[in-house]
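Reading the structure
Now for the letters of each chain:
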Amino acid sequence: MDKIVIRGGRRLKGRIPISGAKNAALTLMPCALLSDEPLTFRNLPRLADVDTFGHLLNQHGVSTMVEGARPEDFGRVMTLRAGRITSTVAPYDIVRKMRASILVLGPLLARAGEATVSLPGGCAIGNRPIDLHLKGLEALGAEIELAAGYVKATAPRGGLRGGRIVFSTVSVGATENVLMASVLAKGETIIENAAREPEIIDLARCLVAMGAKIDGIGTERLTVQGVERLHGATYAVMADRIEAGSYACAAAITGGEVELAGAQSESMEAVLDGLRRAGVVVEEVGGGLLVKADGGLRGVNLSTAPFPGFPTDMQAQFMAMLALAEGASLLSETIFENRYMHVPELARMGADITVTGRSALVRGVDHLIGAPVMATDLRASMSLVIAGLAARGETVVNRVYHLDRGYERLEEKLSAVGADIERVSDGG
């Protein structure tokens, strides 16, 4: 099994290209199930999760073709075509690897009239039920049955029909699933209390490019007029706001200066605000952002919240950065109840962090010390890399397969801006 070895203490300086967004890509790919025509994505990141989702779509009869990809290029162009749905079953052995697999449920139900999908897996960061997904689909006329670890959904005779869906809490995944299902439903669908994440805006824009009729994009109220069929399209995946934020934290903790090429400020304003309050200089430059940490970092208080609030996917990276800030920081996690598994590993490196319930008090220390650490989930993995970049001595991050799910060629990007980082196998 691979691991990442970091010899810390080097100031990062240079340019990092930001890849297409993992969370957007995994939301966009199931759109291919909604049409029998080709759907081509540009700027699709090279990630393990993207490959896994491709395999899942293959299971349903979707062909995938990568065009002109070179090993030295970041991202790729992929064309997906679901000329005919050959299976409406998403099996456990694929779905267990990735929670986003549940997003085939709505498209399969809308186009094929039925779907049997294993209950999803993904990072072990807490309870993430899919009851809102199911209630939303029931509002479109679907019959839902849970049995033996699978969701079996069936559309009424004549297909899904429009309806009014009011989510009791904001749910990104439920909004995505119901939105994809509703574009082929008969009549009008209104989705209230819809999530407003940039990835949902990206999804809606892709569906519109395919012929869907959606009003209220970017707001809490989406109105969809169902159409009989969608056509093919070519669509560019948005830049990854979480990857950009992660590298911004890496630049800040090393006192560096890094240009995040392709980063989109409008998708990450809460993150940029947090960085600035922590003493980091962030400037918009042509086609991206420039991040500089000229002076010392200072403690800040942050609470995760649905967009446009501070994203839960950036909490661990900020915690690592704030471990070296002057003063204390208080981080509150309101989205998931089990997202502090990186704390014991950061403590092994000398961080002073106290967790009480869903809050973590981070007291800044003078320095961190390299140590062998264990990655527990995707974003926790990145927090350990960030800490390792600033730590004295050598840090070895184990279980890096988590990183491969969400960061495209991480060692290569960090090495290019001065980090002493390499991937090694257990035997070498």
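Residues numbered from 1 in each chain as written. Predicted model: local features only at pLDDT ≥ 70, side-chain atom pairs only at ≥ 80, totals over all residues. Heavy atoms only, no water.

What about the overall build of the protein chain?
Check the secondary structure of the protein chain and you find 14 helices and 24 strands. The C-alpha radius of gyration of the protein chain comes to 22 Å, within 12% of the 22 Å expected for a compact globule of 428 residues. Projected onto the principal axes, the alpha-carbon positions of the protein chain cover approximately 65 × 45 × 45 Å. Buried residues in the protein chain amount to 56% of all 428 residues. Taking the intrachain contacts of the protein chain between residues at least 6 apart in sequence as the baseline, contacts between residues at least 24 apart amount to 75%. With 45 positive and 49 negative side-chain charges, the protein chain shows a spacing of 2 Å between the two charge centroids. (Helix = DSSP H or I, 4+ residues; strand = E, 2+ residues; numbered from the N terminus. Rg over C-alpha atoms; globule rule 2.2 N^0.38 Å. Buried < 20%, exposed > 50% of the residue type's maximum accessible area, 1.4 Å probe, protein only. Contact = heavy atoms within 4.5 Å. Lys, Arg positive; Asp, Glu negative; His and termini not counted. Charge placed at Lys NZ, Arg CZ, Asp CG, Glu CD.)

What about the pairing of strand β16 (residues 281–285)?
Bridge count between β16 and strand β17 (residues 288–292): five bridges; the pairing is antiparallel. Paired with V282 across the two strands is V291, which belongs to β17. Here β16 folds back onto β17 in antiparallel fashion, the turn holding two residues, of which G287 has a positive phi close to 75 degrees. (Pairing = 2+ DSSP bridges.)

Re the pattern of salt bridges
In this structure the tally under the stated criterion is 24 salt bridges. Of the charged contacts in the structure, one is a salt bridge between D420 and R7, with a shortest N-O distance of 3.1 Å. With D420 in strand β24 (residues 420–425) and R7 in strand β1 (residues 2–7), this pair connects stretches of sequence that are 413 residues apart. Between E199 and R241 there is a salt bridge, with its nearest N and O atoms 2.8 Å apart. Taken as a pair, E199 in helix α7 (residues 198–209) and R241 in helix α8 (residues 241–253) lie far apart in primary sequence, 42 residues in all. E199 gets classed as buried once you look at its relative accessible area, which sits at 5%. Among the residues examined, R241 registers a relative accessible area of 9% and is labelled buried. Three or more residues joined by partner-sharing salt bridges are found here, namely D2, D404, E411 and R423. (Salt bridge = Lys/Arg side-chain N within 4 Å of Asp/Glu carboxyl O.)

Structural notes on the domain arrangement of the protein chain
One can read the domain layout of the protein chain as domain 1 (2–18 + 240–425) and domain 2 (22–225). Inter-centroid distance (C-alpha atoms) of domain 1 to domain 2 is 30 Å. (Domains from an automatic or database assignment.)

So, α8
The first and last C-alpha atoms of α8 sit 18 Å apart over 13 residues, in line with the 18 Å expected at 1.5 Å per residue. The element α8 is extensively covered by neighbouring structure, given that 13 of its 13 residues are classed as buried. The opening residue of α8, the one whose side-chain oxygen lies 2.9 Å from the backbone nitrogen of I242, is D240. Just downstream of α8, G255 is the residue with a positive phi angle, here 65 degrees. (Expected span 1.5 Å × (residues − 1). Polar contact = N/O pair within 3.5 Å; in protein donor to acceptor, adjacent residues only side chain to side chain.)

Quick word on the sheet that holds strand β10 (residues 164–166)
Ordered in space as β10-β11-β13-β12, the four strands form an open sheet in which the pairing is mixed. If you trace the sheet from one side to the other, it starts and ends with β10 and β12 (213–215), each paired once. Across this sheet, the average inter-strand angle for adjacent strands is 15 degrees, counted without regard to direction. Alignment of β10 against strand β11 (residues 188–192), held across three bridges, turns out to be parallel. Bridge pairing in β11 links R164 to I190. Along the sheet face, helix α6 (residues 172–182) touches β10, β11, β12 and β13 (221–225) and points at about 20 degrees away from the line of β13. (Axes fitted to C-alpha atoms, helices over the stretch in contact; angles between N-to-C directions.)

Considering helix α2 (residues 48–59)
In this model, α2 (12 residues) spans 17 Å end to end at C-alpha, consistent with the 16 Å of a helix rising 1.5 Å per residue. One or two steps after α2, the chain reaches G61, where phi turns positive at roughly 100 degrees.

Section: the environment of P306
Tracing the backbone through its elements, the reader meets P306 in the loop between β18 (301–303) and α10 (315–322). Linking P306 and S171, residues 135 residues apart in sequence, is a C-alpha distance of 8.5 Å. Those residues in contact with P306 that sit more than four places away from it in its chain are V170, E197 and I335.

Structural notes on the packing of helix α5 (residues 131–138) against α6
Interhelical geometry of α5 versus α6 gives an angle of 25 degrees and a closest axis separation of 8 Å. Here α5 lies roughly parallel to α6, going by the angle between them. In terms of crossing hand, the pair formed by α5 and α6 is right-handed. Contacts from L132, H133, G136 and L137 of α5 reach α6 at G173, A174, N177, V178 and A181. In terms of residue class, the contact of α5 with α6 is made up of five nonpolar, four polar and no charged. (Parallel < 35°, antiparallel > 145°, perpendicular 65-115°, else oblique. Left-handed = near helix turned anticlockwise from the far one by under 90°. Nonpolar A, V, L, I, M, F, W, Y, C, P; charged D, E, K, R; others polar.)

What to know about the nonpolar core
In terms of nonpolar packing, the biggest core is built from 74 residues, with F41 and L207 touching the most fellow members. Setting aside its immediate chain neighbours within four residues, L207 contacts C31, L34, L179, M180, V183, A212, I214 and L230. Ranked by size, the runner-up nonpolar core spans 71 residues in total, among them I4, L368, A375 and I421. (Core = buried A, V, L, I, M, F, W, Y, C linked by side-chain atoms within 4.5 Å.)

Remarks on the sheet that holds strand β4 (residues 63–67)
With mixed pairing, four strands are arranged side by side in an open sheet as β4-β5-β3-β14. In this open sheet, the two strands that pair with only one neighbour each are β4 and β14 (233–236). Geometrically, the sheet is characterised by an average inter-axis angle of 20 degrees between neighbouring strands, direction not taken into account. The strands that α2 touches are β3 (39–44), β4 and β5 (76–81); relative to β5, the one it contacts most, it runs at about 20 degrees. Relative to the sheet, α7 contacts β3 and β14, its axis offset from that of β14 by approximately 160 degrees.

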